[in-house]
Amino acid sequence: MQSSFMGSLMEMTEKHSDIFYLTADSGEGGLDLMYQRNFPDRCFNFGIAEETMIASAAGLALCGKTPYVYTAAPFLAYRSFEFIRNDVCLQNVPVKIFGSGSGISVSSLGPTHHTTEDIAVLRSLPNLTIFSPATPKQAYESVIEAYSIPGPVYVRLGMNKEREFFADGYMIPSGGLDVMRKGSDAVVLSTGSVLMEVMAAAEILQSEGINLTVLNSFSIKPFDSETFLEYASSVKHVITVEEHNVIGGLGSIAEECLIAAGLSRSLLKIGLNDRFSKGYGKLDTVRRENGLDAATIAECIRKELQ
């Protein structure tokens, strides 16, 4: 997703003179250098100083600029939380915060570099919009969507060669919820790059005669409760899948929607069950160890529907 993000950002920077790029030792040396070469006066690398970077971005925004902040998501969502809260959200300024390495996509570096609580941490902040792209095209469009929003935005990006599910010309739906496939046996709600595992699980189950509706939530906050409830109301089972703690994440959002609508449904939350992720290595290995691979997701859904 990083290349799609940077390509879109450079195109937007050509169009809009108010855009600046701020990073903090992001590890994206080639992409950072590419931006710096093209826009040397609008690119700032703060080193390992995420809090200072967020504070500076807020200052730029108060001066009429639109800063795009980019670095590793855990160091934005957690280390910089107070600055995002007080300098950005409290002032309601248009800082666009892009965190790389959503979920467990930085699989080789373990839980200190995984971002599995950011939705829970950040969605409680007033004024903050949250996006969670699932594919490179959604990452590309997220840069454009973020610019169109007058206030602060947080975008969580994966970084492990995500599979593309959307055709050329794709646009983010108005509510931010994509209907990936339709089925009558259950609704599966997913967000982020784990969508590729969910779609593979749906294929496995379809071969067994189990047909799922799969919804992909690009927008976490605001959440498209209307579309979600439209599909949830037609089935008995709702399943959420996320590379995130099930407490405070997508499963909690779905639960809140069902309760608020007075809709009683069986709800299965697939994610990290109040724990940190396990294991180190390639993404498919770490997903398997944490029960977030296609085969395990399919097995969980199969048991839920029995």
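Model, not experiment: these values are computed from the prediction.

Explain the packing of helix α3 (residues 50-62) against helix α5 (residues 81-89) here, please?
The relative placement of two packed helices comes down to the angle between their axes together with the axis-to-axis distance. Relative orientation of the contacting elements α3 and α5 amounts to 10°, with a least axis distance of 9 Å. By the angle between their directions, the pair α3 and α5 is classed as roughly parallel. Mapping the contact onto sequence places E51, I54, A55 and A58 in α3 and F83, I84, D87 and V88 in α5. In terms of residue class, the contact of α3 with α5 is built from six nonpolar, no polar and two charged.

I would appreciate a short explanation of the pairing of strand β12 (residues 266-272) in the present structure.
Consecutive residues of a regular strand have side chains that alternate between opposite faces of the sheet. Summarising the sheet, strand β11 (residues 237-245) and β12 pair through six bridges and their orientation is parallel. Along β12, the bridge assignment pairs H237 with S266. You can see the chain leave β11, run along helix α10 (residues 250-260) and come back into β12, and the turn it takes is right-handed.

Can you help me understand the packing of helix α9 (residues 225-232) against α10 in this one?
Running from N to C, α9 and α10 cross one another at 75°; their axes reach a closest spacing of 11 Å. The angle between α9 and α10 places the two elements in the roughly perpendicular class. In this structure, α9 uses S225, F228, L229 and A232 to contact α10, whose residues at the interface are A254, C257 and L258. The class makeup of the residues in the contact of α9 with α10 is six nonpolar, one polar and no charged.

Is there a simple way to think about the side chain of R181 in this case?
With respect to the helices, strands and loops of the structure, R181 is situated in strand β7 (residues 177-181). A polar atom in the side chain of R181 sits 3.0 Å from the side chain of E203. Here the side chain of R181 touches Q206 through a polar contact of 3.1 Å, side chain to side chain. Here R181 is in contact with M199, A202, E203, Q206, L212, T213 and V214, once residues within four sequence places are set aside.

Just checking my understanding: could you explain the state of the cysteines for this structure?
Note on terminology: disulfide describes a covalent bond linking the sulfur atoms of two cysteines. Summed over all chains, the structure comprises zero disulfides. Distance from the sulfur of C43, which forms no disulfide, to the nearest cysteine sulfur (C63) is 18 Å.

Where do I start with the packing of aromatic side chains in this structure?
The geometry of an aromatic ring pair is captured by two quantities: the separation of the ring centres and the angle between the planes. Applying the stated rule across the entire model yields 10 aromatic pairs. Between F5 and F98 the ring centres are 4.8 Å apart and the planes differ by 35°, which places this aromatic pair in the tilted class. Of this pair, F5 sits in helix α1 (residues 2-15) while F98 is found in strand β4 (residues 96-100), placing the two residues 93 residues apart along the sequence. The pair formed by F5 and F98 is uniform in burial state, with each residue classed as buried.

Looking at this structure, I do not really get the sheet that holds strand β1 (residues 19-23). What am I missing?
Paired through backbone hydrogen bonds, the strands of a sheet run either parallel or antiparallel to each other. Pairing is mixed in the open sheet, where seven strands are placed in the order β2-β1-β3-β4-β6-β5-β10. Each edge of the open sheet is held by one strand with a lone partner, namely β2 (43-45) and β10 (219-221). Averaged over all pairs of adjacent strands, the angle between strand axes in this sheet comes to 20°, irrespective of strand direction. When strand β5 (residues 129-131) meets β10, the two strands line up antiparallel, connected through two bridges. Within β10, the position partnered with F131 by the bridge is S219. α3 rests against β1, β3 (66-72) and β4 of the sheet, and its axis sits at about 165° to β3.

Is there a simple way to explain the pairing of strand β6 (residues 153-157) in this structure?
The element β6 is extensively covered by neighbouring structure, given that five of its five residues are classed as buried. Side chains V153, V155 and L157 project from β6 onto one buried face, and the interleaved Y154 and R156 project onto a second face that is buried too. Of the strand pairs in this sheet, β4 and β6 are connected by five bridges, and their pairing is parallel. Looking at the pairing, S100 lines up with L157 of β6.

Rules used throughout
Residues numbered from 1 in each chain as written. Predicted model: local features only at pLDDT ≥ 70, side-chain atom pairs only at ≥ 80, totals over all residues. Heavy atoms only, no water. Axes fitted to C-alpha atoms, helices over the stretch in contact; angles between N-to-C directions. Helix = DSSP H or I, 4+ residues; strand = E, 2+ residues; numbered from the N terminus. Parallel < 35°, antiparallel > 145°, perpendicular 65-115°, else oblique. Contact = heavy atoms within 4.5 Å. Nonpolar A, V, L, I, M, F, W, Y, C, P; charged D, E, K, R; others polar. Pairing = 2+ DSSP bridges. Right-handed = clockwise from strand over helix to strand, strands pointing away. Polar contact = N/O pair within 3.5 Å; in protein donor to acceptor, adjacent residues only side chain to side chain. Disulfide = S-S within 2.5 Å. Phe/Tyr/Trp six-rings, centres within 6.5 Å; stacked < 30°, edge-to-face > 60°. Buried < 20%, exposed > 50% of the residue type's maximum accessible area, 1.4 Å probe, protein only.

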